[in-house]
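Listed here are the chains, written in short residue letters.
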Amino acid sequence: MSEVFEGYERQYCEISASLSRKCTAASALDGEKKMQKLSEIQSGVGEAESLIRKMDLEARSLQPSVKAGLLAKLREYKSDLNNLKSELKRISAPNAKQATREELLESGMAETLAMSTDKRGRLLMSTERLNQSTDRIKESQRTVFETEELGVSILQDLHQQRESLLHAHTTLHGVDDNVGKSKKILAAMSKRMDRNKWIIGGIIASLVLAILFILYFKLTH
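None of the values given here were measured: they were computed from a predicted structure. (Residues numbered from 1 in each chain as written. Predicted model: local features only at pLDDT ≥ 70, side-chain atom pairs only at ≥ 80, totals over all residues. Heavy atoms only, no water.)

Some remarks on the overall build of the chain
Here is step 1 of the chain: Across its full length, the chain holds five helices and zero strands.
Here is step 2 of the chain: Taken from N to C terminus, the helices and strands of the chain fall in the order α-α-α-α-α.
Here is step 3 of the chain: Here the chain holds 221 residues, and the buried ones make up 21% of them.
Here is step 4 of the chain: For the chain, the share of sequence-separated contacts (at least 6 apart) that also reach a separation of at least 24 residues comes to 75%.
Here is step 5 of the chain: Carbon and sulfur atoms form 61% of the exposed surface of the chain, whose accessible area is close to 16100 Å². (Helix = DSSP H or I, 4+ residues; strand = E, 2+ residues; numbered from the N terminus. Buried < 20%, exposed > 50% of the residue type's maximum accessible area, 1.4 Å probe, protein only. Contact = heavy atoms within 4.5 Å. Areas by Shrake-Rupley, 256 points an atom, 1.4 Å probe, with all protein chains shown as cover.)

In structure tokens:
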């Protein structure tokens, strides 16, 4: 969840609880004190409306998966603020004190106020559960990011190993070429050596024949 939204939410819950207490206190007042209390309540309602608008703008700027839950909470806050406005309007009316007493006796306003308090408690519990769910979503996202980073690192290692294998293959191919050239050179040298052997053999044979011819010539003369 957005930290900005959470900040606005805490402020609204505090103002809402304060306005509820002030409405209850204003119902029992008269004259100048009541007017002063009503002025404080009106100012608080203005602050609450401003926070509602800020929460609405912040919620709509978030991702859809988070925005839906926040807008649902925001509808409950708007309903709560409307109830506070209705309460302010009621206690601002003429003879509001007497009307309040009669309404409490006839319609059980005390039970209504208790239900409103219970509703705020449920809102706070829902907020806490949503915050916990958001934290779990953040943790899951963090795990996904870490997994992606690990996958990228593995792919980089594999790419480096592939480059190393290609380099080794190129080196081996060069060695094979050199070995082939060496074989050709050795074969050519071997042929020359064989040819030289025949030439040397021929020269030796010629020398032997020449020596024999000279000996024969001397012996016969």
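Text resumes after the structure shown.
Quick word on the pattern of salt bridges
Here is step 1 of the chain: Per the stated rule, a full pass over the model turns up nine salt bridges.
Here is step 2 of the chain: Where Glu-49 meets Lys-85, a salt bridge forms, and the shortest distance between an N and an O atom there is 2.3 Å. Highlighted residues: Glu-49 in helix H2 (residues 31–60) and Lys-85 in helix H3 (residues 64–92), separated in sequence by 36 residues.
Here is step 3 of the chain: The partly exposed category is assigned to Glu-49, whose relative accessible area is 25%.
Here is step 4 of the chain: Linked by salt bridges that have partners in common, Lys-22, Lys-37 and Glu-40 make up one network. (Salt bridge = Lys/Arg side-chain N within 4 Å of Asp/Glu carboxyl O.)

So, the UniProt feature "transmembrane region" (unreviewed entry) in the chain
Here is step 1 of the chain: Using the residue numbers shown here, the UniProt feature "transmembrane region" (unreviewed entry) corresponds to residues 198–217.
Here is step 2 of the chain: Summarising residues 198–217: 100% helix, 0% strand, and an end-to-end C-alpha distance of 28 Å. (UniProt positions renumbered as here; feature names shortened; annotations may be inferred.)

Some words on the packing of aromatic side chains
Here is step 1 of the chain: In total, this model carries one aromatic pair according to the counting rule given.
Here is step 2 of the chain: Ring geometry for Tyr-12 versus Tyr-77: centroids 5.2 Å apart, planes at 50 degrees, classification tilted. Of this pair, Tyr-12 sits in helix H1 (residues 3–26) while Tyr-77 is found in helix H3, placing the two residues 65 residues apart along the sequence. The burial state of Tyr-12 is the same as that of Tyr-77; both residues are buried. (Phe/Tyr/Trp six-rings, centres within 6.5 Å; stacked < 30°, edge-to-face > 60°.)

Observations concerning H1
Here is step 1 of the chain: The terminal C-alpha atoms of H1 lie 34 Å apart, and with 24 residues this matches the ideal 34 Å at 1.5 Å per residue to within 8%.
Here is step 2 of the chain: If you check which residues of H1 are buried, you get Phe-5, Glu-6, Gly-7, Glu-9, Tyr-12, Ile-15, Ser-16, Leu-19, Ser-20, Cys-23 and Ala-26. (Expected span 1.5 Å × (residues − 1).)

Remarks on the nonpolar core
Here is step 1 of the chain: The biggest cluster of nonpolar side chains holds 24 residues, and the ones touching the most others in it are Tyr-12, Ile-41, Ile-52, Met-55 and Tyr-77.
Here is step 2 of the chain: Taken together, the elements giving at least two residues each to this core come down to H1, H2 and H3.
Here is step 3 of the chain: The dominant element in this core, judged by the number of residues it contributes, is H3, at nine residues.
Here is step 4 of the chain: Sequence-distant contacts of Tyr-12, that is, excluding residues within four places in its chain, are made with Ala-48, Leu-51, Ile-52, Met-55, Tyr-77, Asp-80 and Leu-81. (Core = buried A, V, L, I, M, F, W, Y, C linked by side-chain atoms within 4.5 Å.)

Remarks on the packing of H1 against H3
Here is step 1 of the chain: Where H1 contacts H3, the two axes come as close as 11 Å, and the packing angle between them is 20 degrees. Here H1 lies roughly parallel to H3, going by the angle between them. Pair H1 / H3 crosses with left-handed handedness. Along its contact with H1, which presents Phe-5, Glu-9, Tyr-12, Cys-13, Ser-16, Leu-19, Ser-20, Cys-23 and Ala-26, the element H3 presents Leu-70, Lys-73, Tyr-77, Asp-80, Leu-81, Leu-84, Glu-87 and Ile-91. (Axes fitted to C-alpha atoms, helices over the stretch in contact; angles between N-to-C directions. Parallel < 35°, antiparallel > 145°, perpendicular 65-115°, else oblique. Left-handed = near helix turned anticlockwise from the far one by under 90°.)

Concerning a nonpolar patch on the surface
Here is step 1 of the chain: A contiguous nonpolar patch, built from Ile-200, Ile-204, Val-208, Leu-209, Ile-211, Leu-212 and Leu-215 and spanning about 660 Å² of accessible area, is present on the exposed surface.
Here is step 2 of the chain: Considering the arrangement of structural elements, one finds Ile-204 in helix H5 (residues 109–220).
Here is step 3 of the chain: Its relative accessible area of 46% is what places Ile-204 among the partly exposed residues. (Patch = residues over 30% accessible without salt bridge, like charges linked within 9 Å, V, L, I, M, F, W, Y side chains within 5 Å.)

Some points on the packing of H2 against H3
Here is step 1 of the chain: Packing of H2 against H3 leaves a shortest axis separation of 10 Å and a crossing angle of 165 degrees. One way to sum up the angle between H2 and H3 is to call them roughly antiparallel. Viewed along their axes, H2 and H3 form a crossing whose handedness is left-handed. Across the interface between the two elements, Lys-34, Leu-38, Ile-41, Gln-42, Val-45, Ala-48, Glu-49, Ile-52, Met-55, Asp-56, Ala-59 and Arg-60 from H2 touch Lys-67, Leu-70, Leu-71, Leu-74, Tyr-77, Lys-78, Leu-81, Lys-85, Leu-88, Ile-91 and Ser-92 from H3.

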